[in-house]
Amino acid sequence: MLPRPLQPWGRLCRWSNPFVQLLALTVVTFGVLAPLTCDQLLYSYYFIRSWYLNPMSQEFVKQNQEDGLSALRYFERLQTPNTSERLGSEVFHPWLLITIITVQRPPEFHYVLQVASRFHRLLQECGPPCRHHQILLCNVETDPGSHQDAQLLSNFMAVVNHYGGHKKVEPGMNQFEKEKQDYTYCLEKSLQTYDPEYVLLVEDDAVPEEEIFPVLQHLLQTRFSKAHLRDALYVKLYHPERLQRYINPEPMRILEWLGVGMFFGSLLGLAYAWASGRSSLVWPIVLFFAVYSMLLVELVGRHYFLELRRLAPPLYNVVPVTECCTPAMLFSASSARRALGYLKELRCRRGFAKDTALYSLLRVRGERAFVVEPNLVRHVGIFSSVRSYNNLKLL
């Protein structure tokens, strides 16, 4: 007796059917593997906030305190140099001036020491390629003498104080306007004192990544020699990780997302065709793997995908800027003067802080600005200088 032919649903459910194989791959990837491996990744959609956010925040604060103590010991171990030997005390017209803006924060974290010690060490390790780099500390504490960490750093690098003597904060000035005026003072003082080619304005809770100087060297000497990048008003070296997802209102990211799908869709499609013994690609398979790749990168977290670019300076991405945050901003001398002129005409307030003010200038003044991806600094300050928080969280 001949066997009965398989019913249509039977043929559909056979393992050799590509639909069954790809459905199983989807279920295993997004329903099993990704949830099990990404549940503790802070910037992933799979992050279990209720389980891990509180302990991770507490661990972050604890580690921050330990890093602050390590930075304090770093400077305590350094032999205090003579005035003529201090880093950045006499060299005029440096190629890159690193200006650290600092204000008194919770003293147990030693934020500014963390930033300064990392820059100091990286400059020592960089050697001849960084011989035209200098550090300037800009103390914007209203009582500069009370900022003990800044007083310690004055033994190792040049320091300027915004306040003190006859200079006081204007009565009735809001904190956001004060922050903007502090920012413009430090930028202007950098230009007046050193006449650098570039100014890297860094806030005192933005710790540089290990590769910052090789990447900046590549970007400024190679990438930013191009006309469409050369005249940028500023270049951001940091954007909050939680805002780096593809599903955000930045059109350039959508193009990148589609590119990820096209590249990995074709690559995985070829791998699938080879593994299944097929002679050629078919477009539904490529389309499936394109969507599969796009979803995987977004759900696991674009931030982690960007980290692959740290393999080499040429892999870093330069894209049109987004609004938020100013922990590390790079200006050329000419763009710094333009930004100073613009900012002095604006008055900041709640809802219109200096980052928003700078971003608004792009449309109003017809300027361009860019952001480097991945970040070249880590934002370690969980305490804001303009906002207070009772329940500190990483997100």
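Participant: Run through the packing of aromatic side chains, naming residues and quoting values.
Facilitator: Using the criterion set out here, one finds 17 aromatic pairs in the structure. An angle of 45 degrees between the planes, with centres 5.3 Å apart, marks the rings of Phe75 and Phe156 as tilted. Taken together, the positions of Phe75 in helix 3 (residues 49-77) and Phe156 in the loop between helix 5 (148-153) and strand 3 (158-161) put the pair 81 residues apart, joining distant regions of the chain. Among the residues examined, Phe75 registers a relative accessible area of 1% and is labelled buried.

Participant: Run through the sheet that holds strand 9 (residues 369-373), naming residues and quoting values.
Facilitator: The eight strands are arranged 3-2-1-4-8-6-9-7 in an open sheet whose pairing can be described as mixed. Looking at strand neighbours, the two that pair on one side only are strand 3 and strand 7 (317-320), the edges of this open sheet. The average angle at which neighbouring strand axes cross in this sheet is 25 degrees, direction not considered. Across seven bridges, the pairing between strand 1 (residues 96-102) and strand 2 (residues 133-139) is parallel. Residue pairing across strands places Ile101 opposite Cys138, the latter belonging to strand 2. Against the sheet, helix 13 (residues 354-365) touches strand 4 (198-203), strand 6 (234-236), strand 8 (328-332) and strand 9, its axis set at about 130 degrees to strand 6.

Participant: Explain the state of the cysteines to me, and be specific about the residues and the numbers.
Facilitator: Any covalent bond linking the sulfur atoms of two cysteines counts as a disulfide. Scanning the entire structure with this criterion turns up three disulfides. In this model Cys138 forms its disulfide with Cys186; the gap between the sulfur atoms is 2.0 Å. Note on the Cys138 and Cys186 pair: the S-S dihedral is about -80 degrees, so by sign convention the disulfide is left-handed. A residue pair is termed long-range when its members are at least 10 positions apart, and Cys138 in strand 2 and Cys186 in helix 6 (residues 175-194) qualify at 48 residues. According to the relative accessible area criterion, Cys138 is buried, its value standing at 0%. Taking the relative accessible area as the measure of exposure, Cys186 reaches 0% and is therefore buried. Disulfide pairing is shown between Cys324 and Cys325; the S-S distance is 2.0 Å. Sequence-ordered numbering of the bonded cysteines in the protein gives a pairing of 1-2, 3-4, 5-6.

Participant: Talk me through the pattern of salt bridges; I want residue IDs and the actual numbers.
Facilitator: Under the defined criterion, the tally for this structure stands at 19 salt bridges. Put simply, Arg121 and Glu210 hold a salt bridge, and the shortest N to O gap is 2.5 Å. Of this pair, Arg121 sits in helix 4 (residues 111-126) while Glu210 sits in the loop between strand 5 (206-208) and helix 7 (212-221), and the two are 89 residues apart along the sequence. Overall, Glu210 belongs to the partly exposed group, its relative accessible area being 42%. A salt bridge links Lys354 to Glu203, with the shortest nitrogen-to-oxygen separation between them at 3.1 Å. Here Lys354, found in helix 13, pairs with Glu203, found in strand 4; they are 151 residues apart in sequence, far enough to count as distant. In the salt-bridge network here, residues are joined through shared partners; they are Arg118, Arg121, Glu125 and Glu210.

Participant: Explain the environment of Leu122 to me, using residue names and the numbers behind them.
Facilitator: One can find Leu122 in helix 4. When the C-alpha atoms of Leu122 and Phe213 are compared, they prove to be 8.0 Å apart, with 91 residues separating the residues in sequence. In this structure, Leu122 is in contact with Pro208, Glu209, Glu210, Ile212 and Phe213, ignoring residues within four places of it in sequence.

Participant: Got a sec to walk through the layout of surface pockets? Specific residues and values, please.
Facilitator: Here the second largest pocket is characterised by a volume of approximately 240 Å³. Glu250, Met252, Val319, Pro320 and Thr322 are the residues nearest the centre of the second largest pocket, which is lined by 17 residues in total. For the lining of the second largest pocket, the secondary structure elements donating two or more residues are helix 9 (251-275), strand 7 and strand 9. Examining the composition of the lining of the second largest pocket, we find that four residues originate from one element, helix 9, more than from any other. Looking at the lining of the second largest pocket residue by residue, the classes come out as eight nonpolar, three polar and six charged.

Participant: Residues and numbers for the packing of helix 6 against helix 12 (residues 333-344), please.
Facilitator: Where helix 6 meets helix 12, the closest approach of the two axes is 10 Å, and the angle between their N-to-C directions is 145 degrees. Handedness of the helix 6/helix 12 crossing: left-handed. Along the contact surface, helix 6 presents Lys180, Thr184, Leu187, Glu188 and Leu191, while helix 12 presents Ala333, Ala336, Arg337, Leu340, Leu343 and Lys344. Taken together, the residues of the contact of helix 6 with helix 12 sort by class into six nonpolar, one polar and four charged.

Participant: Which residues make up the nonpolar core, and what are the values?
Facilitator: Judged by nonpolar contacts, the single largest core of 51 residues is most densely connected at Ile98, Phe119, Leu200 and Ile212. Considering each element in turn, this core owes the most residues, eight residues, to helix 4. Ignoring anything within four residues of it in the chain, the contact list for Ile98 reads Phe119, Leu123, Gln134, Ile135, Leu136, Leu200, Val202 and Phe213. Ranked by size, the runner-up nonpolar core spans 38 residues in total, among them Leu136, Phe352, Ala353 and Leu362.

Participant: An account of empty space enclosed by the protein is needed here, citing residue identities and associated values.
Facilitator: The rolling of a water-molecule-sized probe over the atoms marks out the regions of remaining empty space. Inspection of the entire model under this criterion finds three cavities of 30 Å³ or more. The computed volume of the largest cavity comes to approximately 70 Å³. Lining the largest cavity we find Thr102, Val103, Gln104, Arg105, Pro106, Pro107, His110, Tyr111, Val112, His147, Asp149 and Asp204. Residue composition of the lining of the largest cavity, by class: five nonpolar, four polar and three charged. Volume-wise, the second largest cavity comes out at about 40 Å³. Around the second largest cavity, the lining residues are His162, Tyr163, Lys167, Lys168, Val169, Glu170, Met173 and Gln181.

Each value, and the rule that gives it
Residues numbered from 1 in each chain as written. Predicted model: local features only at pLDDT ≥ 70, side-chain atom pairs only at ≥ 80, totals over all residues. Heavy atoms only, no water. Phe/Tyr/Trp six-rings, centres within 6.5 Å; stacked < 30°, edge-to-face > 60°. Helix = DSSP H or I, 4+ residues; strand = E, 2+ residues; numbered from the N terminus. Buried < 20%, exposed > 50% of the residue type's maximum accessible area, 1.4 Å probe, protein only. Pairing = 2+ DSSP bridges. Axes fitted to C-alpha atoms, helices over the stretch in contact; angles between N-to-C directions. Contact = heavy atoms within 4.5 Å. Disulfide = S-S within 2.5 Å. Salt bridge = Lys/Arg side-chain N within 4 Å of Asp/Glu carboxyl O. 1 Å grid on protein atoms, 1.4 Å probe; cavity = no way out; pocket = protein on both sides within 12 Å on 5 of 7 lines; lining within 4 Å. Points joined across faces, edges and corners; volume = space filled by probe spheres on them. Nonpolar A, V, L, I, M, F, W, Y, C, P; charged D, E, K, R; others polar. Left-handed = near helix turned anticlockwise from the far one by under 90°. Core = buried A, V, L, I, M, F, W, Y, C linked by side-chain atoms within 4.5 Å.

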